[in-house]
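Remarks on the overall topology
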Amino acid sequence: MTAPPRALTIAGSDSGGGAGIQADLKTFSALGVYGASVITALTAQNTRGVTGVHDVPPAFVGEQMNAVFSDIAVGAVKIGMLSQPEVIRAVREGLDRWRVANIVLDPVMVATSGDVLLVPEAIETLRRVLIPRADIVTPNLHEAARLTDLPLAEDNAAMTRQAEALMRLGARAVLVKGGHGNGREAEDLLFTGGGPQWLTAQRYPTRNTHGTGCTLSAAIAAGLALGLDLVQAVRAAKAYLTAAIRTADRLAIGGGHGPVDHFHAWWPT
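The following paragraphs examine the structure supplied in this document. Keep in mind it's a predicted model, so treat the numbers as computed, not measured.

**Notes on the overall build of the chain**
- Each helix and strand in the chain was counted, giving eight helices and nine strands.
- For the chain, the residues scored as buried account for 54% of the 269 residues in total.
- Long-range pairs, those at least 24 residues apart, make up 67% of the contacts in the chain with a sequence separation of at least 6.
- Of the roughly 11,800 Å² that the chain leaves accessible, carbon and sulfur atoms contribute 53%.
- If you average the places of the 23 positive and of the 24 negative side-chain charges in the chain, the two averages end up 3 Å apart.

**As for the pattern of salt bridges**
- Throughout the structure, instances matching the rule amount to nine salt bridges.
- The salt bridge involving Lys-177 is made with Asp-106; its shortest N-O contact spans 3.5 Å. Residue Lys-177 is located in the loop between strand 7 (174-176) and strand 8 (185-191), and its partner Asp-106 is located in the loop between strand 5 (103-105) and helix 4 (122-130); the two are separated by 71 residues in the primary sequence.
- Residue Arg-127 pairs with Asp-149 through a salt bridge whose shortest N-O separation is 3.3 Å. One end of the pair, Arg-127, is in helix 4; the other, Asp-149, is in the loop between helix 5 (141-148) and helix 6 (156-168), with 22 residues separating them in the sequence.
- By relative accessible area, Asp-149 is classed as exposed at 63%.
- Each of Glu-124, Arg-127, Arg-128 and Asp-149 takes part in one network of salt bridges that share partners.

**Concerning helix 1 (residues 20-30)**
- For helix 1, the complete set of buried residues consists of Gly-20, Ile-21, Ala-23, Asp-24, Thr-27, Phe-28 and Ala-30.
- Residues of helix 1 that are buried in the fold lie against strand 1 (6-14), strand 2 (34-45), strand 4 (76-79), helix 7 (212-225) and helix 8 (230-246).
- Gly-32, located one to two residues past helix 1, shows a positive phi value of around 80°.

**Some details on the pairing of strand 4**
- A two-sided burial pattern is seen for strand 4, the buried positions comprising Ala-76 and Lys-78 on one face and Val-77 and Ile-79 on the other.
- Sheet topology note: the strand 4/strand 5 ladder contains three bridges and is parallel. Directly across from Val-77, in strand 5, lies its bridge partner Ile-103.
- For the segment spanning strand 4, helix 3 (residues 85-97) and strand 5, crossover handedness is right-handed.

**Description of the environment of Ala-171**
- Mapped onto the elements, Ala-171 comes out in the loop between helix 6 and strand 7.
- Here the alpha-carbon distance between Ala-171 and Met-65, two residues 106 residues apart in the chain, equals 22 Å.
- When sequence neighbours within four positions are dropped, the list of residues in contact with Ala-171 reads Ile-131, Pro-132, Ala-134, Val-137 and Leu-166.

**Quick word on the packing of helix 2 (residues 58-69) against helix 3**
- Two elements in contact, helix 2 and helix 3, have axes whose closest approach is 8 Å; the angle formed by their N-to-C orientations is 25°. Here helix 3 runs roughly parallel to helix 2, going by the angle between their axes. Relative to helix 3, the crossing made by helix 2 is right-handed. Facing Pro-58, Val-61, Met-65 and Asn-66 of helix 2, the residues of helix 3 in contact are Glu-86, Val-87, Ala-90, Val-91, Gly-94, Leu-95 and Arg-97.
- Split by residue class, the contact of helix 2 with helix 3 holds seven nonpolar, two polar and two charged.

Criteria and cut-off values
Residues numbered from 1 in each chain as written. Predicted model: local features only at pLDDT ≥ 70, side-chain atom pairs only at ≥ 80, totals over all residues. Heavy atoms only, no water. Helix = DSSP H or I, 4+ residues; strand = E, 2+ residues; numbered from the N terminus. Buried < 20%, exposed > 50% of the residue type's maximum accessible area, 1.4 Å probe, protein only. Contact = heavy atoms within 4.5 Å. Areas by Shrake-Rupley, 256 points an atom, 1.4 Å probe, with all protein chains shown as cover. Lys, Arg positive; Asp, Glu negative; His and termini not counted. Charge placed at Lys NZ, Arg CZ, Asp CG, Glu CD. Salt bridge = Lys/Arg side-chain N within 4 Å of Asp/Glu carboxyl O. Pairing = 2+ DSSP bridges. Right-handed = clockwise from strand over helix to strand, strands pointing away. Axes fitted to C-alpha atoms, helices over the stretch in contact; angles between N-to-C directions. Parallel < 35°, antiparallel > 145°, perpendicular 65-115°, else oblique. Left-handed = near helix turned anticlockwise from the far one by under 90°. Nonpolar A, V, L, I, M, F, W, Y, C, P; charged D, E, K, R; others polar.

Shown next, in the form of structure tokens:
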């Protein structure tokens with residue numbers, strides 16, 4: 001019998017399959033990690049946008065966490081869409097109850113389509129309750145600005161200030177993603193307290209970017225479950241996502257922002 005590495009995603013469901021729970025489980029599988037899931041919300045969603053959100057009751061989110069952690073030895077946890085303050089608190093209680101380590105927090109606020117996925121009153125709860133519990137927080141430029149109440153970063157110095165502000169909120173490490181920026185290269189800032197590390201990759205022009213943030217954070221969690229240290233996990237995750245974006249245009253899924261190519265190493269061209 002084999003005991004593969006295991007990771008858990010705590011996130012919302014995307015009925016279109018490109019982001020959320022679905023993207024996370026695809027990423028885990030592509031990287032050789034067994035995936036379990038705790039669903040925090042159901043979304044009526046496709047490549048064009050989100051038409052509805054149905055939140056899962058906080059008590060049932062906790063019940064799902066109890067079911068997973070009481071039976072499966074989870075090596076890392078990715079946390080995504082948590083749209084309500086009560087759900088955020090339920091997740092924190094479950095993490096503390098089961099003494100969970102290797103937590104990757106992706107502060108999902110807005111979908112690729114522009115639809116809002118986090119109610120405004122939940123932002124302060126996210127700051128106070130979950131960021132201090134995370135081993136790494138992975139905001140994009142817009143999310144970092146909202147979380148720190150600073151202007152949208154337009155250069156490396158501004159990204160560094162936002163990473164430092166997030167560290168002061170209690171995060172052990174921060175990855176500020178520069179994918180929404182401009183230029184020929186996508187530059188991310190990994191900040192661990194020991195100084196900034198800049199991770200650079202070629203930018204590939206494509207509209208198929210649905211679920212990029214979910215995929216990257218899930219890939220980091222997969223790397224941690226596989227036994228990589230944090231820096232190694234982040235670098236491996238960025239390489240995986242870059243490859244998934246590079247080949248995304250070979251997928252013809254929907255009429256809007258399609259998904260990245262999670263199984264680029266497996267599916268035939």
